[in-house]
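Spelled out from the first residue to the last, the chains are:
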Amino acid sequence: MKKPAAYIGSFIISILLVFTLMCSFAAITVNSVKADKLISDANENGIASMVKNELNRYFNNRKNTTGIPADVYMNSIDEEYLSDIIQFKINSGFSTLNGNVGGEFDISNTELENSISDFFSEYAESIGYEKDNNYDVKLRNAQKSAYTIIEEYCDIYKFGAMDSHGVLRKAAPLYQKLPLAIGLSLIASAALAIILFVINIKEIKDLAYWIGTSAVVSGAMGAVPCIYLLVSDYFSAFTIKQPQIFTAYTTLMKDITTEFMIFSIASVVVGIILFAVCAIMSRLIKKSEPQKES
């Protein structure tokens, strides 16, 4: 094979290798996002406490409309109860993504129901209201509404909303193919590296150069934007009103960005090492050439 042909072939293959490496980094990073990770993040960031504060604010704001004091609800809601619901919503979302039917969760809170019932009963007695069918309907609606609000505020990643709009079911096939995408991108990268080896079989130092170039370029293309996003604290500019949702999503985005950046920087380091190997091999070859001529 002529030198120009080998150069052009190596150049084209190295460009393709850049993109297969980046696809590998992206697929591995996204695939690392699991339910356990999100639950751990929620616990570390005190999301349950944020949800409780937001619920307290909501029920206080609704007091003038419903006539029910926030304490009627909040005295029966603790962080452990909210944490269990948060965990269920996350697990349920990932169950849907994995193509499984989400499990059932008993959100019922007897103490909460009794607290609302006692309030209704005391209020009805204070105004001499007869406990008829209309009374029972209003009581059940108040209890049901409380559960709906609690569940909504605990759905910090909005899996419920995405599922109701069919987003999760549409994303499920793609999510389930992530392991396949990882395998294919890694196989493609390995195949391209082998092709580079064949093209440069007579010049191994060139093999180190081309693979090193692909590693550095792919790493730089991934690392530079990630570093910018993290240094500029870009995700903190998100306009999400509820702090539990803001914290959940910004934490997730920062974690994904950080992990992708680590892969990218590692790629740059590997590329620099290969450049060093190429330089060392070039020097050794130059030193050996005069000895062969003599």
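Please refer to the structure higher up on the page.
The shown structure was predicted, so the numbers you read here are calculated from the model rather than taken from an experiment.

**Observations regarding the side chain of T20**
- Position of T20 among the secondary structure elements: in helix 1 (residues 3-31).
- Leave out the neighbours within four places in its chain, and T20 touches S185, A188, S189 and L192.

**A short note on the side chain of K89**
- Relative to the assigned elements, K89 resides in helix 6 (residues 79-97).
- Assessed through its relative accessible area of 13%, K89 is described here as buried.
- Those residues within four positions of K89 in sequence are excluded, and the remaining contacts are E151, C154, D155, F159 and G160.

**Notes on the environment of I90**
- If you trace the backbone, I90 turns up in helix 6.
- Taking relative accessible area as the criterion, I90 reaches 1% and is therefore assigned buried.
- As for I90 and L38, which are separated by 52 residues in sequence, their C-alpha atoms are 7.4 Å apart.
- Look past the residues within four positions of I90 in its chain and what remains in contact with it is A35, L38, I39, I156, Y157 and F159.

**Considering helix 8 (residues 133-154)**
- In this model, helix 8 (22 residues) spans 32 Å end to end at C-alpha, consistent with the 32 Å of a helix rising 1.5 Å per residue.
- Y135, L139, A142, Q143, A146, Y147, I149, I150, Y153 and C154 are the residues of helix 8 that are buried. Looking straight down helix 8, one finds that the buried residues subtend no more than 165° of arc, so they occupy a single side. Relative to its buried face, helix 8 has exposed residues pointing more than 90 degrees away, namely N133, R140 and K144.
- Sitting at the head of helix 8, D132 places a side-chain oxygen 3.2 Å from the backbone nitrogen of N134.

**Looking at the packing of helix 6 against helix 8**
- Look at helix 6 against helix 8: their axes get within 9 Å of each other, and the N-to-C directions meet at 65°. Of the two elements, helix 6 crosses helix 8, and the hand of that crossing is right-handed. Contacts from Y81, L82, I85, I86 and K89 in helix 6 reach Y147, I150, E151 and C154 in helix 8.
- A per-class count over the contact of helix 6 with helix 8 returns seven nonpolar, no polar and two charged.

**As for the packing of aromatic side chains**
- Considering all chains together, one arrives at 18 aromatic pairs under this definition.
- Look at Y157 and Y249: their rings are 5.5 Å apart centre to centre, the planes differ by 65°, and that puts the pair in the edge-to-face class. Of the two residues, Y157 is situated in the loop between helix 8 and helix 9 (159-164) and Y249 in helix 13 (residues 243-293); the sequence distance between them amounts to 92 residues.
- A residue is classified by how much of its surface remains accessible, and Y157, at 3% relative accessible area, is buried.
- When the centroid spacing of 5.7 Å and the interplanar angle of 85° are considered together, the rings of F235 and F238 count as edge-to-face.
- Each residue in the set F94, Y157, F159, Y175 and Y249 is aromatic and connected to the rest through ring pairs, giving one cluster.

Parameters and conventions
- Residues numbered from 1 in each chain as written.
- Predicted model: local features only at pLDDT ≥ 70, side-chain atom pairs only at ≥ 80, totals over all residues.
- Heavy atoms only, no water.
- Helix = DSSP H or I, 4+ residues; strand = E, 2+ residues; numbered from the N terminus.
- Contact = heavy atoms within 4.5 Å.
- Buried < 20%, exposed > 50% of the residue type's maximum accessible area, 1.4 Å probe, protein only.
- Expected span 1.5 Å × (residues − 1).
- Arc of directions from axis to C-beta.
- Polar contact = N/O pair within 3.5 Å; in protein donor to acceptor, adjacent residues only side chain to side chain.
- Axes fitted to C-alpha atoms, helices over the stretch in contact; angles between N-to-C directions.
- Left-handed = near helix turned anticlockwise from the far one by under 90°.
- Nonpolar A, V, L, I, M, F, W, Y, C, P; charged D, E, K, R; others polar.
- Phe/Tyr/Trp six-rings, centres within 6.5 Å; stacked < 30°, edge-to-face > 60°.

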